Amino acid sequence: MIDDLTELTIKDAARLLRLGSISSAELVTAHVERIERLDPHVKAYLRFTPELWESQADEADRKIGQGEAPPLAGIPMAVKDVLCVRGVETTAGSQILRGFKPPYTATAVARLFEAGAVMLGVTNCDEFAMGSSTENSGYFPTRNPWDLDRVPGGSSGGSAAAVAAGEAMIALGSDTGGSIRQPAALCGVVGMKPTYGRVSRYGLIAFASSLDQIGPFARTVDDAAITLSLMAGFDPLDATSSDRPGLEVLNSSGGTVKGMRLGVPREYYDVKGIEPGVKAALDAALFILRNAGAEIVDVSLPHTDYGLAAYYIIAPAECSSNLARFDGVRYGLAEVDAPNITDEYMQTRRKGFGTEVRRRVMLGTYALSSGYYDAYYLKAQKVRTLIKRDFDEAFKKCDAIVSATSPTVAFPIGSKTQDPLSMYLCDVLTLGGNLAGLPGISVPCGTSDGLPVGLQVLGPQWGESVVLRVARSYEEASEIRAEVASVV
Amino acid sequence: MEVHVQPKTRTKMFCGCAVAPLNAPPNTYVCEICLGLPGTLPVANKAAVEACLKTALALNCEIPRHTKFDRKNYMYPDLPKGYQISQYDLPMSVSGHVEVATRKVRIRRVHLEEDTGKLVHAGDKLHKAWESYVDLNRAGVPLMEIVSEPDLRSADEARDYATELRTLLRAIGASEAEMEKGQMRVEPNISIRRAASDELGVKTELKNINSFRALHRAILFEVERQTQVLESGGRVVQETRGWSEAEQRTFSQRSKEFAEDYRYFPEPDLPPLEVERTWIDELRRNLPELPSVRRARLLDHLPAAQVAVIGADRELADLYENAVARGAPALPTANWIVNEVAPTGKLSPPENLAELMKLLHDGAITRDSAREVYVESVETGRTPAEIVAEHGYAQVSDESELRVLAEAVIDANPKAAADYRNGKKQAMQALMADLRKRAPHANPKVANELLLKLLA
Ligand SMILES: [Zn+2]
């Protein structure tokens, strides 16, 4: 019974809660017990928030009792360590922010609290969301619930693993180059990155401001869609946020791919390093979609090869500036014994930042330096424009783009840590969506050698409803649904 | 010249904090955004953008359709984010000009940025300080930077340019532009050249200038210093120099031989601004008359000395013109404003000033009474006529009444009367003084004539 409660969808849980068959407190307790049993192995969470889950579950039960339950009343949720929650230690997976308790809550989180969600804890991630395996966490690596010797992907690995292991019903992540979709694929859950500007970034500790977006993890497309719809929309605190339409949550009868044209970019299909098992799973998914009535069309994204290079200029450039505030003067780690301010900066940052963060700060500082700006940053921005144009052209021939989310399944812990370039290649199929600001989702599409494979669906700007429609049709037609990993 | 001006806004440039009053306790006008806490984002202040656009229009600048904010990256404890949001290659406005006396000074650009906080060092000098404190009240306060082309040729012109900017900014309501309150900071760049040459010499930039007078003196000093350096065979070093008010000299602060690399790039947290033409047109339409135009009009019926005072302040000029429009006599009203209003800053409604000036002009009250009436009218808001009636300030001009008074004065001052009769004309002053003491509201002209007649 307890395990059943941790395998519910939002829709089922909401029904049971409203019927009075279960209480929010029971739902939370079931998840906490599962966390106590599994998380010592998975290590999805960095810290727990018992005061919050108790008060929020009580509040949910009270509102349900009064018949005023908001849509997510009582739904257990995990939050990535890059989203500020008032009074809760938030560190972006970094030692430099150890002990930092923000005096405010990120807009996205506040909206889900408003909708009744119950926060269980803060999930692990790569330091400042820089990484694809959660091994760059300043605390400890998270493990893949399907194989504890493998990574969960990253940077939102903790959130993906928590949902996969039944340690949360939904979770929040952030996606700068694939940091929601790739771990969702590797952990066998649904993960969605919305259009840039769909969700307010206020309270999201920035990695690369022009690429970052907040999005949900869930075990079904519907759950992801509901969660996204509740946190989306214009926020006066984020000048890049928008109220554009295109997020109509599908009603249960709607949503078929019949008559839709789904583009398969040949550069993604034959991407270098794609594992045969991943390609086989993708082929099977395309077969299912075609059987469901979709027309599969060949499209091209000719500048794909340059995307990775452009991304690894733009993201580090922005991060080098965004991370300048971590100087030990106002909050976080401070090496106060330094003889002067420059040494204080250097000692604090050397001690507080991990290797990958320091590498990217240096890369970005170099790319923005006078004399190099035109050759690096400006050129990367031009490539970004070309990549956007590639997608514009492709969407003239198709309604949505489908591909594998990651070229590989979850890889063994430690296998790529010595080779940053091989780690960067994990994002080759996802980062185009960030450079172009497009909505994208990863849904489970079978396994390869017993490990989950993800199917990525990308839509045009503000075309979340298209993406969700394809993803749900596939979910329905394939009868593949995210399962809760049994772990041990 | 680089001039930083704080536009008149209720809140800071990118957050909802009120702009701190002068001498507010440290770190009391701050929030998570201007403290640069992780996860916070800037949102541009529309009032600041509008003030900048108005300033640009008043300075005859071009306003491009597209403008954007950029990050200027450098680390310093008074800069909470590790970068300052400023404008680099697409400023809010470019290519303007302003007339200063007979010279047309070209304006290179006017752009918007945010101020930094300030450091307070314990101990006497920075390098000896053993503790430094950070006050972020100023962090994020909006600033407009007005950059002129190298068109100013002397300390006088630089001072006149700065005063003209202040007058203009106050006239259009873009800023209070009070130097003492830190709302306006001027940084002249000084270079000298040989009389025959067109090529400008190496420049130095002067900082810490707190008044128009300091600006003038600092430039004179710096010109003299550079002249001496060159004449003694030396070389002027490109650097930032501070002005020491105490020592009345400039001193080297920071060499600019190796330019700092600020790694400017577009601020990704703020979408580029598309300045709508309809907004510009509306601002242009609603721009008040510019000081140069108004001065030209005032010069048609007032002497230059009065125009220099009245034309330099929008409130004074408004008071003058509105009072005259209500029937106040022009020159006496101008003199009143120059002598009685400008030094005290006590502004009365124009209809009250007009009424007072008419009372004075018609001889109904004395000048001394008028001063008292004016102050009371400003403080209570009552009309001069009411106050005059209540206090009995009305001037006594009745001859029979004054004749009794004059006789009494002569009786009471036999020595002065005798002196006068013996040809000591200045003795009349003592007699008049006694008369005014006995009857403050006596019409001095009529009383004087009576005394002369009685002593003849
Ligand atoms: Zn503030």
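### With respect to the overall build of chain B
Here is step 1: Looking only at helices and strands, one finds 15 helices and 16 strands in chain B.
Here is step 2: The globule rule puts the C-alpha radius of gyration for 456 residues at 23 Å, and the 29 Å found for chain B is more than 25% above it.
Here is step 3: Over its C-alpha atoms, taken along the principal directions, chain B stretches across nearly 90 × 55 × 50 Å.
Here is step 4: Counting every position in chain B, which comprises 456 residues, the buried fraction comes to 48%.
Here is step 5: By element, 51% of the accessible surface of chain B is carried by carbon and sulfur atoms, the whole surface being about 22,300 Å².
Here is step 6: In chain B, the 61 positive side-chain charges and the 67 negative ones have mean positions that sit 2 Å from each other.

### As for the sheet that holds strand S3 (residues 70-73) of chain B
Pairing between the strands of a sheet is mediated by backbone hydrogen bonds and can be parallel or antiparallel.
Residue and element names in this part refer to chain B.
Here is step 1: Strand order across the open sheet formed by three strands is S4-S3-S15, with antiparallel pairing between neighbours. Strands with a single pairing partner mark the edges of an open sheet, and in this sheet they are strand S4 (83-86) and strand S15 (265-266).
Here is step 2: By the bridge criterion, four bridges tie S3 to S4 in an arrangement that is antiparallel. Across the sheet, the residue bridging to Asp-70 is Ser-86, located in S4.

### What to know about the nonpolar core
Here is step 1: By size, the foremost hydrophobic cluster in this structure holds 129 residues, and its most contacted members are Phe128(A), Phe391(A) and Ile441(A).
Here is step 2: When residues of this core are assigned to their parent elements, the largest contribution, eight residues, is made by helix H11 (residues 304-322) of chain A.
Here is step 3: Core analysis: the second largest hydrophobic core is formed by 57 residues, Ile85(B), Ala158(B), Val186(B) and Ala218(B) among them.

### Looking at the sheet that holds strand S1 (residues 45-48) of chain A
Residue and element names in this part refer to chain A.
Here is step 1: If you trace the 11 strands from one edge of the open sheet to the other, you get S1-S3-S2-S4-S6-S5-S10-S11-S9-S7-S8, paired in mixed fashion. Single-partner strands in this sheet number two, and they are S1 and strand S8 (295-299). Each neighbouring strand pair of the sheet contributes to a mean axis angle of 30 degrees, computed without reference to strand direction.
Here is step 2: Across the face of the sheet, helix H14 (residues 374-397) comes into contact with strand S7 (261-265), S8, strand S9 (400-404) and strand S11 (451-458) while running at roughly 110 degrees to S9.

### Here's the deal with the interface of chain B and chain A
Here is step 1: Facing the 31 residues of chain B at the interface are 39 residues of chain A.
Here is step 2: At the boundary of chain B with chain A, total buried surface from both sides reaches about 2,700 Å², with 60% on carbon and sulfur atoms.
Here is step 3: Three residues stand out in chain B for area buried against chain A, namely Pro38(B), Met75(B) and Arg263(B), and they jointly supply 24% of the buried area on that side.
Here is step 4: Summed over the shared surface of chain B and chain A, the result is one salt bridge.
Here is step 5: Taking the shortest distance from any N to any O, the salt bridge between Asp269(B) and Arg201(A) comes out at 3.1 Å.

### Thoughts on the domain arrangement of chain B
Residue and element names in this part refer to chain B.
Here is step 1: The domain boundaries assigned to chain B delineate domain 1 (2-279), domain 2 (289-391) and domain 3 (399-455).
Here is step 2: The interface is formed by four residues belonging to domain 2 together with five residues belonging to domain 3.
Here is step 3: Carbon and sulfur atoms make up 41% of the area that domain 2 and domain 3 hide from each other, which totals about 220 Å².
Here is step 4: For the interface between domain 2 and domain 3, the tally reads zero salt bridges.
Here is step 5: Summed over the shared surface of domain 2 and domain 3, the result is zero residue pairs in polar contact (both at pLDDT 80 or more).
Here is step 6: Residues of the side of domain 2 that touches domain 3, tallied by class, amount to no nonpolar, four polar and no charged.

Criteria and cut-off values
Residues numbered from 1 in each chain as written. Chains lettered and ligands numbered in written order. Predicted model: local features only at pLDDT ≥ 70, side-chain atom pairs only at ≥ 80, totals over all residues. Heavy atoms only, no water. Helix = DSSP H or I, 4+ residues; strand = E, 2+ residues; numbered from the N terminus. Rg over C-alpha atoms; globule rule 2.2 N^0.38 Å. Buried < 20%, exposed > 50% of the residue type's maximum accessible area, 1.4 Å probe, protein only. Areas by Shrake-Rupley, 256 points an atom, 1.4 Å probe, with all protein chains shown as cover. Lys, Arg positive; Asp, Glu negative; His and termini not counted. Charge placed at Lys NZ, Arg CZ, Asp CG, Glu CD. Pairing = 2+ DSSP bridges. Core = buried A, V, L, I, M, F, W, Y, C linked by side-chain atoms within 4.5 Å. Axes fitted to C-alpha atoms, helices over the stretch in contact; angles between N-to-C directions. Contact = heavy atoms within 4.5 Å. Buried area = accessible area lost by both parts, 1.4 Å probe. Salt bridge = Lys/Arg side-chain N within 4 Å of Asp/Glu carboxyl O. Domains from an automatic or database assignment. Polar contact = N/O pair within 3.5 Å; in protein donor to acceptor, adjacent residues only side chain to side chain. Nonpolar A, V, L, I, M, F, W, Y, C, P; charged D, E, K, R; others polar.

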